[in-house]
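Observations on the model geometry
One letter stands for each residue in the lines below.
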Amino acid sequence: MTERTMRDRMLAGELYIADDPVLGEESRRAQGLAHRINTMDPNDGAGRRTLLEELLGAFGPESEIRPPLQCDYGYQTTIGARTFVNWGVILLDVATITIGDDVQIGPNVQLLTATHPLEPGPRRDKWEAAEPIVIDDNVWLGGGVIVCPGVTIGADTVVGAGSVVTRDLPPGVVAVGSPARVVREL
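Here's a quick rundown of the structure.

Scoring rules and cut-offs
- Residues numbered from 1 in each chain as written.
- Predicted model: local features only at pLDDT ≥ 70, side-chain atom pairs only at ≥ 80, totals over all residues.
- Heavy atoms only, no water.
- Helix = DSSP H or I, 4+ residues; strand = E, 2+ residues; numbered from the N terminus.
- Rg over C-alpha atoms; globule rule 2.2 N^0.38 Å.
- Buried < 20%, exposed > 50% of the residue type's maximum accessible area, 1.4 Å probe, protein only.
- Contact = heavy atoms within 4.5 Å.
- Areas by Shrake-Rupley, 256 points an atom, 1.4 Å probe, with all protein chains shown as cover.
- Arc of directions from axis to C-beta.
- Disulfide = S-S within 2.5 Å.
- Salt bridge = Lys/Arg side-chain N within 4 Å of Asp/Glu carboxyl O.
- Pairing = 2+ DSSP bridges.

1. Description of the overall build of the protein chain
If you tally the helices and strands in the protein chain, you get four helices and 20 strands. For the protein chain, the C-alpha radius of gyration of 17 Å lies close to 16 Å, the compact-globule estimate for 186 residues. Relative to its full complement of 186 residues, the protein chain shows a buried share of 44%. Long-range pairs, those at least 24 residues apart, make up 26% of the contacts in the protein chain between residues at least 6 apart in sequence. By element, 53% of the accessible surface of the protein chain is carried by carbon and sulfur atoms, the whole surface being about 9400 Å².

In structure tokens:
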């Protein structure tokens, strides 16, 4: 029986150590592509789309990401059709980030899948894990929203600017605050 790699452990959502040569190479690839996207002519939409298709696991038709963007791996993030992502998105895509169709993401939004052990010993030893994030169709995340690991936001939901989403949100609601709480049904 072969020993599982740190990459295998990461992709399975298990504890792993990120200081791994394979994961390091994949992260450098993503950083290089993100750098190219972030520094290219802003009028070169076709060139940016080509690089985003190379970087991400999927990038739907008529979708747009305005640079700058940052991500860990890129291939762990999928974006549906007609989705708009404004400036300054951070995609901490250690686990999968699934963004649906017709999603609106405001500037400086952070989608953070990474987790770390609460116990000091494993954390000191650099163990970490991640939990996936799902943003369903037609969600609007206001500027500066932070979505924490393991969260699913239901279709048609609106999350107010500056909110921190720590738990799942149902479809068709408005949620605001830190932590985000449902304040209205749509």
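2. Quick look at helix 3 (residues 45–55)
All of the buried residues in helix 3 are Gly47, Arg48, Leu51, Leu52 and Leu55. Take helix 3 and look down its axis: the buried residues cluster within an arc of 135°, on one side only.

3. Here we look at the state of the cysteines
Enumeration according to the criterion identifies zero disulfides in this entry. Residue cysteine 71 stays outside any disulfide, its sulfur separated by 19 Å from that of cysteine 148, the closest cysteine.

4. Details of the pattern of salt bridges
Oppositely charged side chains can form a pair if their charged atoms are brought close together. Overall, the coordinates contain six salt bridges when judged by the stated rule. The partner of glutamate 26 in a salt bridge is arginine 7, and the shortest N-O contact between them spans 2.6 Å. One end of the pair, glutamate 26, is in helix 2 (residues 21–39); the other, arginine 7, is in helix 1 (residues 6–11), and 19 residues separate them in sequence. Under the relative-accessibility criterion, arginine 7 is labelled partly exposed at 24%. For arginine 82, the salt bridge identified is with aspartate 102, shortest N-O distance 2.8 Å. Of this pair, arginine 82 sits in the loop between strand 5 (77–79) and strand 6 (84–85) while aspartate 102 sits in the loop between strand 8 (97–99) and strand 9 (104–105), and the two are 20 residues apart along the sequence. Taking relative accessible area as the criterion, arginine 82 reaches 38% and is therefore assigned partly exposed.

5. Description of the pairing of strand 19 (residues 173–176)
Note: strand 17 (residues 158–159) against strand 19, two bridges, orientation parallel. Its bridge partner being in strand 19, valine 158 is matched across the sheet by valine 174. Here strand 19 folds back onto strand 20 (residues 181–185), and the loop between the two strands holds four residues, one of which, glycine 177, carries a positive phi near 105°.

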